[in-house]
Amino acid sequence: MRALVWDGDKLALSSSYHVPAADDRMAVVKVNLAGICSTDLQIFKGYMGFRGVPGHEFVGSVSEGPRDILGKRVVGEINFGCGQCEACRRDLNRHCPNRSVMGILNADGAFAEYVAVPAVNLHLVPDKVSDEEAVFTEPLAAAFEILEQVQLDPGDQVLVLGDGKLGNLCAQVLRLTGASVTALGKHEDKLKLIKRTGVRTILLTDWTPRLFDVVVEATGSPSGLELALSAVRPRGTLVLKSTISDNHDVFLAPVVINEITVIGSRCGLFPPALEALEEKSVSVTPLIEKVYSLNDGVDAVRHATGQGARKILLRA
Ligand SMILES: [Zn+2]
Ligand SMILES: [Zn+2]
């Protein structure tokens, strides 16, 4: 099959990569669309030391696997738990110490014609949700993860730092709680996109220091953390969403002095994301910049790496 392969040094299209095989645990999905995410770009900078086929945002149809889902349109959770350990028994395969992660850790991903996924990780895509929407399920689930971790009440003042794809999705999801959400970013065009969803926006150059109950750091850059920290009210909450391959160098005294609760937040559950897509309570397709053929995947990644690119998709 065709697949984009990262060898630790460069990304190249292979036309003869082995097709994954199904077994009693793994199903095989024929990929329709895959999304390039900032985490993929971090991988190409060395994040996780990954080798193989990247890609963890996808929608496709089951080509091999349990009969009841065969041929069905699916999306898949990306953490492959062992199924045996304490974390897995508590339904937290996202934290299984023996997990592999699709396209990130010890498992090939979705920048290919076919991808293997544990059948238990797959979720059916409702008919009303298009492929172009469904491919956002994974990053949208990551935004919903915040609501699993932080109790937000109507009227809470929330700041989302970062106007990229994740910042956009986080702002939209947090707004569903009735909280008062403000997005702060560097890019006028991206903020405009967020503003259209009903979220208040502030351009970084217009920022005057203010305090919020909850601040979500989703800039994807180490420098965002300091500003985020300075905008949390005493006893407030800071949610860290960016995965960055560089080390953070940050002065932690404000965390102690202001008794700030710091929460790391990563992958989330798919059902709330699929439900929001079905109800159209969030809007994701305006985030799409361009759809490339998998054959042009190297160009697609180059495009995604460019300053200010929105979501780049690959059609397998
Ligand atoms: Zn991602
Ligand atoms: Zn486990």
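Before reading further, recall that the structure is shown in the block above.
The sections below set out a description of the structure shown in this document. (Residues numbered from 1 in each chain as written. Chains lettered and ligands numbered in written order. Predicted model: local features only at pLDDT ≥ 70, side-chain atom pairs only at ≥ 80, totals over all residues. Heavy atoms only, no water.)

## Digging into a negative patch on the surface
Counted only if it meets this: Exposure above 30% relative accessible area and no salt bridge define the residues that can form patches, which grow by joining like charges within 9 Å and nonpolar side chains of Val, Leu, Ile, Met, Phe, Trp and Tyr within 5 Å. Each accessible area is a Shrake-Rupley result for a 1.4 Å probe, and residues are judged covered by the shown protein chains and nothing else. The term salt bridge refers to a pairing of a side-chain nitrogen on Lys or Arg with a carboxyl oxygen on Asp or Glu at a separation within 4 Å. By the counting scheme adopted, Arg and Lys are positive, Glu and Asp are negative, and His together with the chain ends is not counted. Charge positions come from single atoms, namely NZ of Lys, CZ of Arg, CG of Asp or CD of Glu. Three exposure classes are used, based on accessible area relative to the maximum for each residue type with a 1.4 Å probe and protein chains only: buried under 20%, partly exposed in between, and exposed over 50%.
A surface patch of negative charge is lined by Asp127, Glu275, Glu278 and Glu279. A relative accessible area of 32% means that Glu278 is categorised as partly exposed.

## Some thoughts on the sheet that holds strand β14 (residues 232–240)
Where we set the bar: Two strands pair if DSSP finds at least two bridges between them. Strands here are runs of E lasting at least two residues and helices are runs of H or I lasting at least four, both read from the DSSP assignment and numbered beginning at the N terminus. For helices, the fitted axis covers only the stretch in contact; all axes are lines through C-alpha atoms, and the angles between them, taken along N-to-C directions, range from 0 to 180 degrees. Between two residues, a contact is recorded if the distance between any of their heavy atoms is within 4.5 Å.
In space, the six strands of this open sheet follow the order β12-β11-β10-β13-β14-β15, with parallel pairing throughout. Here the strands that pair on one side only, and so sit at the sheet edges, are β12 (200–203) and β15 (261–264). Going from strand to strand, the sheet's axes swing by 20 degrees on average, the running direction of each strand aside. Running over the sheet, helix α5 (residues 165–175) touches β10 (157–161), β11 (180–185) and β13 (212–217) and is turned about 165 degrees from β10.

## Overview of unusual backbone geometry
Positioned with a positive phi, Asn106 is a non-glycine residue whose angle comes to about 55 degrees. We classify Asn106 as exposed; its relative accessible area is 69%. In this model, Glu259 sits at a positive phi of 50 degrees, which is unusual for a non-glycine residue. Checked against the element boundaries, Glu259 lands in the loop between α8 (253–257) and β15.

## Observations regarding the side chain of Asp163
Note the following rule: In protein, a polar contact requires one atom able to donate a hydrogen and another able to accept it; more generally it is a pair of N or O atoms within 3.5 Å, and residues adjacent in sequence count only if both atoms are side-chain atoms.
By the secondary structure assignment, Asp163 is in the loop between β10 and α5. Look at Asp163: it is buried, it has no salt bridge, and the nearest opposite charge is Lys190 at 4.8 Å. Engagement of the side chain of Asp163 in a polar contact is seen with the backbone nitrogen of Lys186, the distance being 3.0 Å. Among the polar contacts listed, one links the side chain of Asp163 to the backbone nitrogen of His187, at a separation of 2.7 Å. Setting aside chain neighbours within four positions, we find Asp163 in contact with Leu184, Gly185, Lys186, His187, Lys190, Leu191 and Ile194.

## Section: helix α4 (residues 137–149)
Quick note on the threshold: Here a helix's expected span is defined as the number of its residues, less one, multiplied by 1.5 Å.
An ideal rise of 1.5 Å per residue puts 18 Å on 13 residues; α4 measures up with 19 Å between its terminal C-alpha atoms. Among the 13 residues that make up α4, ten are buried, leaving the element largely enclosed by the rest of the structure. Buried within α4 we find Thr137, Glu138, Pro139, Leu140, Ala141, Ala142, Ala143, Phe144, Glu145 and Ile146.

## Overview of the nonpolar core
Rules: By nonpolar core is meant a set of buried Ala, Val, Leu, Ile, Met, Phe, Trp, Tyr and Cys residues that side-chain atoms within 4.5 Å join together.
Grouped together as the largest cluster of nonpolar side chains are 45 residues, with contacts concentrated most on Ile36, Phe58 and Leu122. Mapped onto this core, the elements with two or more residues apiece are β1 (3–6), β3 (26–36), α1 (38–43), β4 (57–64), β8 (114–118), α10 (297–305) and β17 (311–315). Top element by residues in this core is β3. It accounts for six residues. When near neighbours in sequence (up to four residues on either side) are disregarded, Ile36 contacts Leu41, Phe111, Ala300, Val301, Ala304, Lys311, Ile312 and Leu314. Core analysis: the second largest hydrophobic core is formed by 44 residues, Val125, Ala141, Ala183 and Leu193 among them.

## Regarding the coordination of the zinc ion (ligand 2)
We apply this condition: In this analysis a donor is any N, O or S atom within 2.8 Å of a metal ion (3.2 Å for sodium, potassium and calcium), and since water is not included, sites may seem incomplete.
At this site the zinc ion (ligand 2) is bound by Cys82 (SG), Cys85 (SG), Cys88 (SG) and Cys96 (SG), with donor distances of 2.3 to 2.4 Å. Mapped onto the sequence, the residues coordinating the zinc ion (ligand 2) show the spacing C-x2-C-x2-C-x7-C. Judged by its relative accessible area of 13%, Cys88 is buried.

Purely spatial values, then, with no claim about function.
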